[in-house]
Amino acid sequence: QAERQKGLSGLDCIGLNEGMLFVFDRDGYYSFWMKDMHFAIDIVWLSADKKVVDQQLNVQPSSYPQTFTNDKPAKYVLELEAGRAGQLGLSEGTHLSF
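Residues numbered from 1 in each chain as written. Predicted model: local features only at pLDDT ≥ 70, side-chain atom pairs only at ≥ 80, totals over all residues. Heavy atoms only, no water.

Peer 1: What's the story with the packing of aromatic side chains in this structure? I'm lost.
Peer 2: Two descriptors summarise a pair of aromatic rings, namely the distance from one centre to the other and the angle between the planes of the rings. Taken as a whole and assessed by the stated rule, the structure comprises 5 aromatic pairs. Their ring planes at 70 degrees and their centres at 5.4 Å tell us that Trp 33 and Tyr 64 sit as a pair that is edge-to-face. Separated by 31 residues along the polypeptide, Trp 33 in the loop between strand 2 (31-32) and strand 3 (41-46) and Tyr 64 in the loop between strand 4 (52-59) and strand 5 (68-69) bring together distant segments of the chain. For Trp 33, a relative accessible area of 31% translates into the label partly exposed. Geometrically, the ring pair formed by Tyr 76 and Phe 98 is edge-to-face, given 5.0 Å between the ring centres and 85 degrees between the ring planes. Note that Tyr 76 is positioned in strand 6 (residues 74-81) and Phe 98 in the segment after helix 2 (84-87), a separation of 22 residues in sequence. Through successive ring pairs, a cluster of aromatic residues spans Phe 22, Phe 32 and Trp 45. (Phe/Tyr/Trp six-rings, centres within 6.5 Å; stacked < 30°, edge-to-face > 60°. Helix = DSSP H or I, 4+ residues; strand = E, 2+ residues; numbered from the N terminus. Buried < 20%, exposed > 50% of the residue type's maximum accessible area, 1.4 Å probe, protein only.)

Structure representation (structure tokens):
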């Protein structure tokens, strides 16, 4: 739980082809914040069948303590470098393989 809560906090950056995948036990509504973050990210929520159900793009460290929560149930959450979701063409309904 502590590792999940920490996420990418404290890192200076992530690489172009890097990210953090959060896997939850069941579909639900999962909130994320930018506590101790040093760079902006894209947050992508995915359903159990690995389709994009919601996104929050270009989330800035200065947004803390605001939280960002999905509008539709999700089982996975993917954090990417800000702008990367758009570069990859991710939009609602996009299916990811992992």
